Amino acid sequence: MEKLIITCALTGAEIAKEDFPALPCSPEEIAVAAEEAAKAGAAMVHVHARDERNRPTQRAEVFAKIIELIRARTGVIVQVSTGGAAGMTPEERLSPVTLTGPLKPEMATLTTGTVNFGEEVFSNPAPVIEVFARRIVGAGIKPEIEVFDVGFVDNALRLVQKGLLQPPLHLNLVMGVPGGITGTPRNLLHLVESLPAGSTWSVAGIGRAQLPLGVTAVVLGGHVRVGFEDNIFYSRGLKATSNAQLVARVARVAAELGREVATPDEARRILGLA
Ligand code: KMH
Ligand code: ZN
């Protein structure tokens, strides 16, 4: 079994700083959180940005600052979100993949379908998905396919058939968003069995699904995403104090199960980035 890649989704677009002050929002806070997560065992960070008022933004210059500060502190893989927040325009969402040179992200997300997202709609019509695939791949950035429901895997395969994506794919199975696939181990098995041979995958369980699905992925040979974007609780009724706390728990469980945790460079090899 490959070593375990732990990704930490540090911030997201849904939680408000006012409601949860531990959420890293400024570039400096995000960079510190990335370093702490890396020290706890994360090989990759999934990055969203916030503006001066802590509202979600996709502005390239904010991502540039975040990437600069993260890379000054740690060698973790930086994956930028092109999902942003529900309701943003496709062009707005694609801003972080316009960064070049030393600030170019190594990975970017590519969501291959539309999903009800709580009270909102995370809209990704087929022509928009194709634009995202062309822009991400064209920039020389490896996409992580975001799967919120089973049909998203089929949509990714259509992109492969059209020559817009090159296997092996890396997919993140986001499970438990209200409107998407429920976060049960049975659904995880179904998704994993639907993936093309040779794919790598991680699971991001939302809320209380984070730990059980993460542990299931450790056992199955997949990879694990944790972090405040997906879950702010350490246990029922008890908020987590940092992203690193959630990463450290997965690393501990993996050690107990005999699965070694990948360094960033080992993760680069597993994901075909190096
Ligand atoms: N905030 C969600 C609407 C991604 O990062 O690519 C979309 C999202 C997915 O978080
Ligand atoms: Zn995200």
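Conventions adopted
Each chain has its residues counted from 1, following the order in which its sequence is written. All chains are assigned letters beginning at A, and all ligands numbers beginning at 1, according to the order in which they are written. Thresholds applied to this predicted model are a pLDDT of at least 70 for local features of residues and 80 or more for the giving and counting of side-chain atom pairs; totals over whole chains, interfaces and linings are not thresholded and use all residues. Working from all heavy atoms in the structure, the side-chain values ignore hydrogens and water. As used in this record, nonpolar core signifies buried Ala, Val, Leu, Ile, Met, Phe, Trp, Tyr and Cys residues forming a set joined through side-chain atoms within 4.5 Å. Any residue under 20% of the maximum accessible area for its type is buried, any over 50% is exposed, and the rest in between are partly exposed; the area is computed with a 1.4 Å probe on protein chains only. Working rule for contacts: check all heavy atoms of both residues, and any pair within 4.5 Å makes them a contact. Any N, O or S atom lying within 2.8 Å of the metal counts as a donor, with the limit raised to 3.2 Å for Na, K and Ca; because water is left out of the atom set, some sites can appear incomplete. Residues are counted as near a molecule or strand when any one of their heavy atoms sits within 4 Å of it. Any N or O atom pair separated by 3.5 Å or less is treated as a polar contact, with the protein-specific requirement of one donor-capable and one acceptor-capable atom, and with residues adjacent in sequence counted only for side-chain atom pairs. Three classes are used: nonpolar for Ala, Val, Leu, Ile, Met, Phe, Trp, Tyr, Cys and Pro, charged for Asp, Glu, Lys and Arg, and polar for all others, with Gly counted as polar. Helix axes are fitted only over the stretch in contact, all axes being lines through C-alpha atoms; the angle between N-to-C directions runs from 0 to 180 degrees. Labels follow the DSSP assignment, with helices taken as runs of H or I lasting at least four residues and strands as runs of E lasting at least two, numbered in each case from the N terminus. Should an angle lie under 35 degrees it is considered roughly parallel, over 145 roughly antiparallel, and from 65 to 115 roughly perpendicular; all remaining angles are considered oblique. Each crossing is labelled by how the near helix is turned from the far one, with a counterclockwise turn of less than a right angle marking it left-handed and a clockwise turn marking it right-handed. In this analysis, rings of Phe, Tyr and Trp, with Trp reduced to its six-membered ring, are considered paired at centre separations within 6.5 Å, and the interplanar angle assigns stacked below 30 degrees, edge-to-face beyond 60, and tilted for intermediate values. Our arc is simply the arc of the directions from the helix axis toward the C-beta atoms. In a helix, the anticipated span is given by 1.5 Å times the number of residues less one. His is not counted here, nor are the chain ends, while Lys and Arg score as positive and Asp and Glu score as negative. A pairing counts as a salt bridge when a side-chain nitrogen of Lys or Arg comes within 4 Å of a carboxyl oxygen of Asp or Glu.

Caption draft 1: A look at the nonpolar core. One finds Val-45, Ile-70, Leu-110 and Leu-173 to be the most contacted residues of the largest nonpolar core, which totals 79 residues. Those residues in contact with Val-45, other than ones at most four positions away along the chain, are Thr-7, Cys-8, Leu-10, Ala-34, Ile-70, Val-76, Ile-77, Val-78 and Gln-79. In terms of nonpolar packing, the next biggest core, distinct from the first, is built from nine residues, Ala-43, Met-107, Ala-262 and Leu-271 among them.

Caption draft 2: Region of interest: the coordination of the zinc ion (ligand 2). The protein atoms donating to the zinc ion (ligand 2) are His-46 (NE2), His-48 (NE2) and Glu-229 (OE), with metal-donor distances spanning 2.1 Å. Along the chain, the residues donating to the zinc ion (ligand 2) are arranged with the sequence spacing H-x1-H-x180-E. As far as the burial class goes, His-46 and His-48 line up, both buried.

Caption draft 3: Structural detail: the site of ligand 1. The environment of ligand 1 is made up of Ala-13, Glu-14, His-46, His-48, Ser-81, Gly-83, Gly-84, Ala-86, Thr-109, Phe-117, Phe-122 and Glu-229. Contacts to ligand 1 include Ser-81, whose side-chain N or O atom sits 2.7 Å from an oxygen atom. Between ligand 1 and Gly-84 there is a distance of 2.8 Å, counted from a nitrogen atom to a backbone nitrogen or oxygen. In terms of residue class, the shell around ligand 1 is made up of four nonpolar, six polar and two charged.

Caption draft 4: Examining the packing of helix H6 (residues 185–194) against helix H7 (residues 210–220) more closely. Look at H6 against H7: their axes get within 10 Å of each other, and the N-to-C directions meet at 40°. For the element pair H6 / H7, the angle class is oblique. Like other packed secondary-structure pairs, H6 and H7 cross with a definite hand, here right-handed. Residue-level inspection shows Pro-185, Leu-188 and Leu-189 of H6 in contact with H7, the latter providing Leu-213, Thr-216, Ala-217 and Leu-220. Its residues assigned to classes, the contact of H6 with H7 comprises six nonpolar, one polar and no charged.

Caption draft 5: A look at the packing of aromatic side chains. On inspection of all chains with the given rule, the structure shows five aromatic pairs. For the pair Phe-122 and Phe-148, a centre-to-centre distance of 5.8 Å together with 75° between the ring planes defines the contact as edge-to-face. Taken together, the positions of Phe-122 in strand S8 (residues 120–122) and Phe-148 in the loop between strand S9 (142–147) and helix H5 (151–161) put the pair 26 residues apart, joining distant regions of the chain. For the pair Phe-122 and Phe-148, a shared accessibility class is recorded, and that class is buried. Residues Phe-148 and Phe-152 carry aromatic rings whose centres are separated by 6.1 Å and whose planes lie at 55° to one another, so their mutual orientation is tilted. Each member of the pair, Phe-148 together with Phe-152, is buried. A connected cluster of aromatic rings, assembled from ring pairs, spans Phe-117, Phe-122, Phe-148 and Phe-152.

Caption draft 6: Summary view of H5. Residues of H5 that are buried include every one of Phe-152, Val-153, Ala-156 and Leu-159, and no others. Across the axial projection of H5, the buried residues extend over an arc of 110°, all falling on one side. Looking at the buried residues of H5, the elements they touch are strand S6 (107–111), strand S7 (115–117), helix H4 (126–138), S9 and H6. Two residues or fewer past H5, Gly-163 is found with a positive phi of approximately 80°.

Caption draft 7: Broad picture of H4. The end-to-end C-alpha distance of H4 is 18 Å, a good match for the 18 Å that 13 residues give at a rise of 1.5 Å each. As for H4, its buried residues are in contact with helix H3 (90–94), S6, S9 and H5. Of the residues one or two after H4, Gly-140 is the one with positive phi, at around 75°.

Caption draft 8: Structural view of the side chain of Arg-249. Relative to the assigned elements, Arg-249 resides in helix H8 (residues 243–256). For Arg-249, which is buried and forms no salt bridge, the nearest opposite charge comes from Asp-230, at a distance of 12 Å. Residue contacts for Arg-249: discarding those within four places in its chain leaves Leu-211, Phe-233 and Tyr-234.

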